[in-house]
Amino acid sequence: MGALKPWHIAVLVVVLILLFGAKRLPDAARSLGRSLRIIKAETKSLHDDDRDLAEKADAQSGYQPLPPQQQVTPQPQQQPVDPVQRVREN
């Protein structure tokens, strides 16, 4: 049922010639071939880009985080002095 027999291909070729004409078929085949080459090149470049990103991610995974810095203890803040109280103490 799903097998493509030689007479199926012959009928398909005759229909294509009737639809497009004998002059247009070589041009159509050429443009189809160019389109397939472009698609193949683009998918290959996308695949290469993905591989490059994966390699960069692997290379960056080897980085070590910075060591923690010494923490500076804040000095205790002096309590605000009430000017009136300062005068009374003197």
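See the structure above.
Anyway, here's the lowdown on the structure attached to this text. (Residues numbered from 1 in each chain as written. Predicted model: local features only at pLDDT ≥ 70, side-chain atom pairs only at ≥ 80, totals over all residues. Heavy atoms only, no water.)

## Looking at the overall build of the protein chain
Stage number 1. What the protein chain contains, in helices and strands, is 3 helices and 0 strands.
Stage number 2. Seen in sequence order, the protein chain has helices and strands lined up from the N terminus as α-α-α.
Stage number 3. Expressed as a percentage of the 90 residues in the protein chain, the buried residues total 0%.
Stage number 4. Carbon and sulfur atoms make up 60% of the accessible area of the protein chain, which amounts to about 9500 Å² in all. (Helix = DSSP H or I, 4+ residues; strand = E, 2+ residues; numbered from the N terminus. Buried < 20%, exposed > 50% of the residue type's maximum accessible area, 1.4 Å probe, protein only. Areas by Shrake-Rupley, 256 points an atom, 1.4 Å probe, with all protein chains shown as cover.)

## Quick look at the pattern of salt bridges
Stage number 1. Per the counting criterion, the structure on display carries 2 salt bridges.
Stage number 2. One salt bridge in this structure joins R30 and D27, with 2.7 Å as the shortest N-O distance. Separated by 3 residues within a single helix, R30 and D27 lie in helix α2 (residues 24-60), roughly one turn from each other.
Stage number 3. Among the residues examined, R30 registers a relative accessible area of 46% and is labelled partly exposed.
Stage number 4. Among the salt bridges present, the one from R51 reaches D48, with a minimum N-O distance of 3.6 Å. Pair noted here: R51 and D48 are both in helix α2, with a separation of 3 residues, about one helical turn.
Stage number 5. Using a relative accessible area of 27% as the deciding quantity, one classes D48 as partly exposed. (Salt bridge = Lys/Arg side-chain N within 4 Å of Asp/Glu carboxyl O.)

## Considering a nonpolar patch on the surface
Stage number 1. A cluster of nonpolar side chains, W7, V11, L12, V15, L16, L19 and F20, forms an exposed patch at the surface whose accessible area comes to about 700 Å².
Stage number 2. Its place among the elements puts F20 in helix α1 (residues 6-20).
Stage number 3. A residue is classified by how much of its surface remains accessible, and F20, at 44% relative accessible area, is partly exposed. (Patch = residues over 30% accessible without salt bridge, like charges linked within 9 Å, V, L, I, M, F, W, Y side chains within 5 Å.)

## Let's talk about a negative patch on the surface
Stage number 1. On the surface, D49, D50, D52 and E55 cluster together into a negatively charged patch.
Stage number 2. Relative to the helices and strands, D49 is located in helix α2.
Stage number 3. Since its relative accessible area comes to 42%, D49 is described here as partly exposed. (Lys, Arg positive; Asp, Glu negative; His and termini not counted. Charge placed at Lys NZ, Arg CZ, Asp CG, Glu CD.)

## Details of α1
Stage number 1. In this model, α1 (15 residues) spans 21 Å end to end at C-alpha, consistent with the 21 Å of a helix rising 1.5 Å per residue.
Stage number 2. At the exit of α1 stands G21, carrying a positive phi of roughly 90°. (Expected span 1.5 Å × (residues − 1).)

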